[in-house]
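Spelled out, the chains give:
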Amino acid sequence: MRLASASLHFGEEPPLTGSRGSGILFFSGCNLGCNFCQNHQISQDGMGREIGMDEFSDICLALQDAGAHNINLVTAAHFAPSVREGIALARSRGLALPVLWNSSGYESLATIELLADTVDVWLPDLKTGEGATSSAFFSAPDYPLRAKAAILRMAELSALRMEGPLLTRGLILRHLVLPGRLEESRDVFQWFADNLAGRALISVMSQYTPIPALTGRAAPDEALGPQEYEELQQMMEEFDLEGGFYQELVPGSDWLPDFAKTNPFSAELSRPLWHWRDGWVKA
């Protein structure tokens, strides 16, 4: 496995963050090549370092000891067999937290089956249902077909379960709204209503931000504006997406992570425990 960062993270949905944070691990690499990836330093540029099973297990247990409500694995599909083995080792050493699979949704059914006894909560994104968009922006024309099939299987494997304010099993479907493509968001909402309503939650993200380092690639060159955001809110009301989550519209790019820093996020969003360059981070 190749890992970039591990921390207590406070920027996830409320039933994942809770009061003490989600124990998030950011892996290097990604099986999808988005032209606007905010984590491009690690997903596309290779930032991070290789770790063995013992160190991975140590990190998971350190997050548990620090108070994390869960273990949140971000873009780890290309390490799935190793992750499965590493989580099993951590559990044999006392890990008792729910495991979250945080991904683009671009998964094979074989990967989902491999992880069926490892993952408790699935956090896939469904970015679009349009093959032309996924071909242009993600270099993956088959994204809609593969993602929908994987997401449906995830929902079958994990029925929703809350323990107090925390989600300990189930699926949250995330959707990043692309500026200028609200009709594609409408299609995603319709698909959710037809296939997942009542057995999964939805989280609508308005955080799309043009990334200067990726300028020149095919992607929207502006963030979501107030008028589009208002239309988006009306659309969510139209589909009665109550019980889910949506982000407030926050302009600017100050929140974008920088994985060259020991804490890639602001102090309000993250408390680092481990970093690819620095190793263990002192409190």
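The preceding data block contains the structure.
What counts as what
Residues numbered from 1 in each chain as written. Predicted model: local features only at pLDDT ≥ 70, side-chain atom pairs only at ≥ 80, totals over all residues. Heavy atoms only, no water. Disulfide = S-S within 2.5 Å. Buried < 20%, exposed > 50% of the residue type's maximum accessible area, 1.4 Å probe, protein only. Helix = DSSP H or I, 4+ residues; strand = E, 2+ residues; numbered from the N terminus. Contact = heavy atoms within 4.5 Å. Salt bridge = Lys/Arg side-chain N within 4 Å of Asp/Glu carboxyl O. Polar contact = N/O pair within 3.5 Å; in protein donor to acceptor, adjacent residues only side chain to side chain. Phe/Tyr/Trp six-rings, centres within 6.5 Å; stacked < 30°, edge-to-face > 60°. Lys NZ or Arg CZ within 6 Å of the ring centre and 35° of its normal. Pairing = 2+ DSSP bridges. Right-handed = clockwise from strand over helix to strand, strands pointing away. Core = buried A, V, L, I, M, F, W, Y, C linked by side-chain atoms within 4.5 Å. Axes fitted to C-alpha atoms, helices over the stretch in contact; angles between N-to-C directions. Parallel < 35°, antiparallel > 145°, perpendicular 65-115°, else oblique. Left-handed = near helix turned anticlockwise from the far one by under 90°. Nonpolar A, V, L, I, M, F, W, Y, C, P; charged D, E, K, R; others polar.

K.L.:
Honestly, the state of the cysteines in this entry has me stumped. Any pointers?
P.N.:
Structurally, a disulfide amounts to a covalent bond that connects the sulfur atoms of two cysteines. Enumeration over the complete set of coordinates arrives at zero disulfides. C34 supplies the cysteine sulfur nearest to C30, a cysteine that is in no disulfide, at a spacing of 6.4 Å. Among the residues examined, C30 registers a relative accessible area of 27% and is labelled partly exposed. The cysteine C34 is free of any disulfide, with C37 supplying the nearest cysteine sulfur at 6.3 Å. Exposure remark for C34: the relative accessible area of 7% places this residue in the buried category.

K.L.:
Mind showing me how you'd approach the environment of S135 here?
P.N.:
Summarising the element assignment, S135 is placed in helix α6 (residues 131-138). Judged by its relative accessible area of 37%, S135 falls in the partly exposed class. As for S135 and G252, which are separated by 117 residues in sequence, their C-alpha atoms are 28 Å apart. Setting aside chain neighbours within four positions, we find S135 in contact with A140 and P141.

K.L.:
It is not clear to me how the pattern of salt bridges should be interpreted in this structure. Could you clarify?
P.N.:
Here the idea is simple: oppositely charged side chains can pair when their charged atoms come close. Summed over all chains, the structure comprises 16 salt bridges. A salt bridge links R161 to E163; the shortest N-O distance between them is 3.7 Å. R161 sits in the partly exposed class, given a relative accessible area of 39%.

K.L.:
Honestly, the side chain of N263 in this entry has me stumped. Any pointers?
P.N.:
One can find N263 in the loop between β10 (245-246) and β11 (270-275). On the basis of relative accessibility, which here comes to 18%, the residue N263 falls in the buried class. In terms of polar contacts, N263 uses its side chain to reach the backbone carbonyl oxygen of S270, at 3.0 Å.

K.L.:
Help me out: how do you make sense of the packing of aromatic side chains in this one?
P.N.:
Between two aromatic rings, the relevant description is the distance of the centres plus the angle of the planes. A full pass over the atoms with the stated rule returns 11 aromatic pairs. Ring geometry for F27 and F56: centres 6.4 Å apart, planes at 45 degrees, overall tilted. Here the residue F27 occupies a position in strand β2 (residues 22-27), and F56 occupies one in helix α3 (residues 53-65), the gap between them amounting to 29 residues. Judged by its relative accessible area of 0%, F56 falls in the buried class. Directly above the ring of W276 sits R277, whose terminal nitrogen or CZ lies 5.8 Å from the centroid.

K.L.:
Mind showing me how you'd approach the pairing of strand β4 (residues 71-74) here?
P.N.:
On β4, burial covers both faces: I71 and L73 on one face and N72 and V74 on the other are all buried. Pairing of β2 with β4, which is carried by four bridges, proceeds in the parallel orientation. Of the residues in β4, the one forming a bridge with G23 is I71. With four bridges joining them, β4 and strand β5 (residues 99-103) adopt parallel strand pairing. Across the sheet, V74 pairs through a bridge with N102, a residue of β5. The parallel pair β4 and β5 is bridged by helix α4 (residues 80-92), and the resulting crossover is right-handed.

K.L.:
It is not clear to me how the nonpolar core should be interpreted in this structure. Could you clarify?
P.N.:
Here is a general trend for soluble globular proteins: nonpolar side chains tend to be buried in one another's company. Membership of the largest hydrophobic core comes to 70 residues, with the highest contact counts inside it found for L25, F27, I71, L73 and W101. Counting residues per element, this core draws most heavily on helix α7 (residues 143-157), which supplies six residues. Ignoring any residue separated from it by four or fewer positions in sequence, one finds W101 in contact with L73, A76, A77, A80, V83, E107, L115, V119, V121, W122, L123 and P124. One finds I42, M47, V74 and F265 within the second-largest nonpolar core, a separate group that totals eight residues.

K.L.:
What exactly am I supposed to notice about the packing of helix α8 (residues 182-195) against helix α9 (residues 226-238) here?
P.N.:
Look at α8 against α9: their axes get within 11 Å of each other, and the N-to-C directions meet at 20 degrees. When the interaxial angle is binned, α8 and α9 end up roughly parallel. Here α8 and α9 pass one another in a crossing that is right-handed. Side by side, α8 and α9 meet where L182, S185, R186 and F189 of the first sit next to E228, E231, L232, M235, M236 and E238 of the second. Taken together, the residues of the contact of α8 with α9 break down into five nonpolar, one polar and four charged.

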